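# An overview of the molecular structure
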Amino acid sequence: MKKIYAVLLLLLAANCAYAQQKKQSGYRRYMEMAHPTPILKDDPLIISPYVLAAAPISSAVFLNKNLVLPENDPLPVQNESSIAVNPKNPKNLIASAVDYRDNSSTWVYVSHDGGKSWTNINLKKALPNWPSSNDPSVYFSAEGIGYLCYGGFAPQGSEGNGVFLARTFDEGKTWQAHIPVIVHTGPITPDTSFEDKYYVQVDNSPQSPYFKDLYIPWKRVTARDSATQIVITRSSDSGATWSVPVNVSERLAGSSEDTTFGQSFPLTATGPNGEVYVVWNHGPRHGIGFSKSTDGGKTFTPQRIIHTYEPLGVAKRIPEGVRHTLKGQVRVESYPVLVCDIYSTDAKRGNLYLVWAADRVPNIYFSKSTDGGVTWSAAKIIHSDTTNDQFWPWLSVDPLTGNIAAMYRDSRDDAANILVGTYVSLSTDAGETWIDKAASDESSDLRRNPFQGGAFAGDYSGSAFYNGIVYPSWVDMRHTTSSSFTDNDAYTAVVNTRSPKPAVNFSAKTLPNQPTEIDLSWVAPTQRAFDQALLKNEFSYVLLRDGQFLKALSSNETSLRDTGLEAFKQYEYSLAVVSGTDTSIFKTTSAFAGGSKLPATPEVISLKGNNDNSVQISLKLPTLRSDNVTPLVNLSTVAVYRDGVFVKVIDVAISDTGKITNFTDQASERGWYRYSFSVRDASSPANESAITQQSIVYTGIIEESLTENFDSGKLPRYFIGGGWALTDEFALSKPFSLTESTNGKYDHRKSDTFMLFPVEIPASGIMQDGRDAVRIRFSHAAIIEVGDSAFVETSSDNGKTWAAIATYDKTKFMPWTDNILSDDDWKIEDILQLTSEQDLKPDTVFIRFRFKSNAIRNDDGWFIDDIVINPTFVSVKEDYTNSFKDSIEIFPNPAQNYITIRGNSNSFENLSFSISSSIGMEISFKNLTTFKSGNSVTIDIAHLPSGVYLLQVKDAKGFSSQQVFTVVR
């Protein structure tokens, strides 16, 4: 009986441990969904290969500003932004975003000039080591107190989460941060709440009995039954303390893993008499939930669905599960945004305005209530384009006019419906009619995000509206590149709904015969930003030259000749339209007075090396000066630069402009050279064009084989890009090897290339039973972090295109993973690269070693030694896999912890191995760890004592090879 009882106790303990593990896993999963972890790795499984570059939006007429200052952080990633205007000083704005800098600290962005410039303030962590930038929201009280609400999570390896508040009493100059709203720490149980999606709201109605009170609603998730529920809390002391959360919605079990995150995205609006309205996305019902309180958020009316909608986008599986998506992979969701007009003195006072996104090809819908949420108008679309995607809206009301503005992300400017910009729709009649305009001046690709599957670009946007100016905020990918998708920014625009449109067709014209004058011209605008009429007597112009005020012009003027200029100098002009206190964006243009002083740059047509170390060069000479307008009438010489150093000039005739000129340069020795060129005119002193980009060329004899052991102490003229150099710290054949890590561990964001001399594969005609090939054999140790890469690449078209024939990091060889740099790490590679199937002429093959590192991790680096490159012949019938007799090698020998067995074979699948001690006792391979890689097998011999051993290798045909090796420690 005691045994049975003991077994039951053990089973109970095991079940409790499993439940705890599952609970922690689920809790961590909620955190990862709420605050996904960026992946800094260029991998086609993570990032789509079809991402597009950003593109300008031609219709945009508003100033765009990056909320984020230039970044040096390894994770320059922002999304999910919020923005607010200080009603006491409308030039003062605050904003925030989910910001991954400083390991996801809390950041706030502050402007003191109406959004034209921004400072970034790091409020650090809510609790030690807690990432705390999640789901930020900002708001100003009527008395000018700024609030920032955000979430925080316990770090990996522990559990816990919370909601926090920061506040400023001096327009964002200083902040009191990390005031707890609710915090869960300590032992986490399946019933511990996980709080998500929190948006602060202030009651700014002086007639309200709860004037100045703060409200924060959020989604509460319970792991035990995957339940979601909307709750709300209130503060009556400017956010210093908070009430126990009150339930607003039903508790819906089994909903948190729903495609729509269950009940989520709650938002609060307050009415003129202190009413508290809450809306949220009821995902399982595809509806907008609504509830109301008239007692300061103590109690709420029963929830109801005020609108239903067609699901947003396409439901498909992404790395975190099945979610609604756009652009083939980006997570999106419907969320409602509610505002209340507490400012108007007419019939609009108390109106509730609501927007949300819905439909497979999504649209932005609007509805309003004029009776405190009892009834709602029929949903209507608020934008003129319905062909492409509109999503992630935010709504705001102007306290001074009662006008309403909705911002949203919009793909109308891309026919392929991929690139996304930002638009604003404006209504001046309580939502009855709308007009929409582009707010962003560029559209970009949301798939350019650094998250698993390129699936996360954030969940929402933001907007503020004051005195006719809308400030939308959004995630923007315009600064990402094809090699790094980490630089996601938070942007805003200064959308002045009254500003005049800028002048169009603003241009500057060079006058070649009058080198001290430039002609300017433009077309006058006839409308304001949102198509309101603009009369001639309502505006004038301001003209700047090189950023300095030049002249004020009347609305009747559409041209100007600028005189008294310096000949051949380039001037930049800026023109703005001014109407009262409202100003358009500046349009810019530039021109050279009398034309550019410098000639245009020549064009490199070709470079070809010869066996005698000479280089044949072909250049196309320019016909114009660098402004691409003024004719080049005094061409004189071509300047030649070799490896960045001027070497000589080549005389050309004035009549050679536009022609191709050919000449030869004699290099001193065989190798790779970098050439660049310029042209000079006949002026005294001569005016020299910009120098061309460097062109790479090899000159000298091309041999059929190459051997390099790096032991001469000096490298031949191989192509070296980056930090490649000799080292005597770690070499196979002493004293030197080649490495890109000459000063300890390699640096971040490296891109280094080492290219050998070309190798020529002899011509052999059409092969009936075989192929020509180049055999590349080298020893190396690639102690390289996962996410970094070492490539061996070849080119058969003189470097125009390259093929990666091998890729390495530390996972490709067992000894590379032990964090100990030793001779065990040297691995021999034997790579066969086939040439064309029908070679009638020699093939010249370029071979290079290329290294690339990421932004945050590093390791010992890549070490290369003993390179041998030879032409060979491969039998198609026998396929290079059968002959290995007398070719088995053991390395290193003597050995310490590993031996690598290498043979003349592409696969070791059909080979068997045995190891015997010096007294003939066979060692069981069950006790030895093996690692196969191509034509080699590595064996962990760390448990073998020092001594002499015999290795025997047999193939399927019975051929065998025996080798002796020694273990020395």
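Residues numbered from 1 in each chain as written. Predicted model: local features only at pLDDT ≥ 70, side-chain atom pairs only at ≥ 80, totals over all residues. Heavy atoms only, no water.

Here we come to the sheet that holds strand β22 (residues 330-331). Taken in spatial order, the three strands make up an open sheet running β20-β21-β22, and their pairing is antiparallel. Since the sheet does not close on itself, it has two edges, and those belong to β20 (314-318) and β22, each with one partner. Where β20 and strand β21 (residues 321-326) come together, five bridges link them in antiparallel fashion. Opposite I318, over in β21, you have G321 as the bridge partner. (Pairing = 2+ DSSP bridges. Helix = DSSP H or I, 4+ residues; strand = E, 2+ residues; numbered from the N terminus.)

What follows deals with the environment of D113. Tracing the backbone shows D113 in the loop between β5 (106-111) and β6 (119-124). The sequence separation of D113 and N92 amounts to 21 residues, and the corresponding C-alpha distance is 6.5 Å. A polar side-chain atom of D113 sits 2.6 Å from a polar atom in the side chain of S117. (Polar contact = N/O pair within 3.5 Å; in protein donor to acceptor, adjacent residues only side chain to side chain.)

Geometrically, the link from S684 to P685 is a cis peptide bond, its omega value of 0° lying close to zero. Its identity is not glycine, yet E80 carries a phi of approximately 50°, on the positive side. Topologically, E80 is positioned in strand β3 (residues 78-85). For D531, which is not glycine, the phi torsion reads 70° and is therefore positive. The residue D531 is located in the loop between β36 (518-523) and β37 (540-545) in this model.

Another point: the packing of aromatic side chains. Considering all chains together, one arrives at 41 aromatic pairs under this definition. Arranged with centres 6.2 Å apart and planes meeting at 25°, the rings of Y277 and F290 form a pair that is stacked. Within this pair, whereas Y277 is found in strand β17 (residues 276-282), its partner F290 is found in strand β18 (residues 287-293), the two being separated by 13 residues in sequence. Directly above the ring of Y423 sits R412, whose terminal nitrogen or CZ lies 3.9 Å from the centroid. (Phe/Tyr/Trp six-rings, centres within 6.5 Å; stacked < 30°, edge-to-face > 60°. Lys NZ or Arg CZ within 6 Å of the ring centre and 35° of its normal.)

Next up on the list: empty space enclosed by the protein. On inspection of all chains with the given rule, the structure shows one cavity of 30 Å³ or more. Computed from the structure, the largest cavity encloses a volume of approximately 120 Å³. Lining the largest cavity are 14 residues; nearest its centre among them are M33, A34, D196, K219 and F261. Elements represented by at least two residues in the lining of the largest cavity include exactly α1 (2-34), β11 (193-196), β13 (214-222) and β16 (263-270). Per element, the largest residue contribution to the lining of the largest cavity is three residues, and it comes from α1. Looking at the lining of the largest cavity residue by residue, the classes come out as seven nonpolar, two polar and five charged. (1 Å grid on protein atoms, 1.4 Å probe; cavity = no way out; pocket = protein on both sides within 12 Å on 5 of 7 lines; lining within 4 Å. Points joined across faces, edges and corners; volume = space filled by probe spheres on them. Nonpolar A, V, L, I, M, F, W, Y, C, P; charged D, E, K, R; others polar.)

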